[in-house]
Amino acid sequence: MIPTGAGPPGALEIDSELHSDTARLTPVGELDIATAPQLEQEVRSLLARAVRHLVIDLSRLTFIDSSALRLFIVLNDRSASEGWTLSLIRPTGQVRSVFEMTGAEENLPFIGDSGRA
C-alpha cells in the first residue's frame, strides 16, 4: 500500500493498491469539503492510468459530509457513462448512518469486503 496525504488529525490519508486494471483505494480519516478533492484527484490519476475497476474501501473513514457523499454519487454516474466499474466497501458507524439516512446506500454500488483488488 502506498499512503498519500498523511497529515494532522482531521486530514485524509489514502492507501492505494494497483493490480493490472484494478485499483483499491482506502481513504483513512475524515472525508469532507476540505479533503474530498484529494480523493477525487487520486481517482482521476488512476483512471488516467487505464484502471477499469475501482474499489473504494470506506471502512476506515471516521467522518463524511455532504461533499463526500456527492463525490460518490458523481463517481457512480461517471463510471456508468465512461465504462469503468465502481465498487464501494461499506463504511461503519457514523459514516454508514449518513449513507442510510440519505438513501444513498440504496443507489450506490456497495459490496462486501470480498471485492479486494
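Check the entry above for the structure.
Residues numbered from 1 in each chain as written. Predicted model: local features only at pLDDT ≥ 70, side-chain atom pairs only at ≥ 80, totals over all residues. Heavy atoms only, no water.

A. Up close: the pairing of strand β4 (residues 53–57). Most of β4 sits inside the fold, with four of its five residues counted as buried. Pairing of β4 with strand β6 (residues 85–89), which is carried by five bridges, proceeds in the parallel orientation. Residue pairing for β6: histidine 53 is matched across the bridge by threonine 85. (Buried < 20%, exposed > 50% of the residue type's maximum accessible area, 1.4 Å probe, protein only. Helix = DSSP H or I, 4+ residues; strand = E, 2+ residues; numbered from the N terminus. Pairing = 2+ DSSP bridges.)

B. Structural context of the pattern of salt bridges. For the structure on display, the rule yields seven salt bridges. Aspartate 57 is the partner of arginine 24 in a salt bridge, and the nearest nitrogen-oxygen pair spans 2.7 Å. With arginine 24 in strand β3 (residues 22–31) and aspartate 57 in strand β4, this residue pair connects regions lying 33 residues apart in the sequence. Here arginine 24 and aspartate 57 have matching classes, each one buried. (Salt bridge = Lys/Arg side-chain N within 4 Å of Asp/Glu carboxyl O.)

C. Summary view of the side chain of threonine 26. Tracing the backbone shows threonine 26 in strand β3. Ignoring anything within four residues of it in the chain, the contact list for threonine 26 reads Glu13, Ile14, Asp15, Asp57 and Arg60. (Contact = heavy atoms within 4.5 Å.)

D. Region of the structure containing the nonpolar core. One finds Leu31, Leu54, Ile56, Phe72 and Phe99 to be the most contacted residues of the largest nonpolar core, which totals 30 residues. If you list the elements that add at least two residues to this core, you get β2 (12–19), β3, α1 (36–48), β4, β5 (61–64), α2 (66–82), β6 and α3 (93–102). Ignoring anything within four residues of it in the chain, the contact list for leucine 54 reads Ala23, Leu25, Val43, Leu46, Trp84, Thr85, Leu86 and Ser87. (Core = buried A, V, L, I, M, F, W, Y, C linked by side-chain atoms within 4.5 Å.)

E. Fine view of the packing of α1 against α2. At a closest axis distance of 10 Å, the pairing of α1 and α2 adopts a crossing angle of 15°. In this view, α1 runs roughly parallel relative to α2, as classed from their interaxial angle. The two elements α1 and α2 meet at a crossing, and its hand is right-handed. Together, Ala36, Leu39, Glu40, Val43, Arg44 and Leu47 of α1 and Ser67, Leu71, Phe72, Leu75, Arg78 and Glu82 of α2 make up the contact between the two elements. Taken together, the residues of the contact of α1 with α2 break down into seven nonpolar, one polar and four charged. (Axes fitted to C-alpha atoms, helices over the stretch in contact; angles between N-to-C directions. Parallel < 35°, antiparallel > 145°, perpendicular 65-115°, else oblique. Left-handed = near helix turned anticlockwise from the far one by under 90°. Nonpolar A, V, L, I, M, F, W, Y, C, P; charged D, E, K, R; others polar.)

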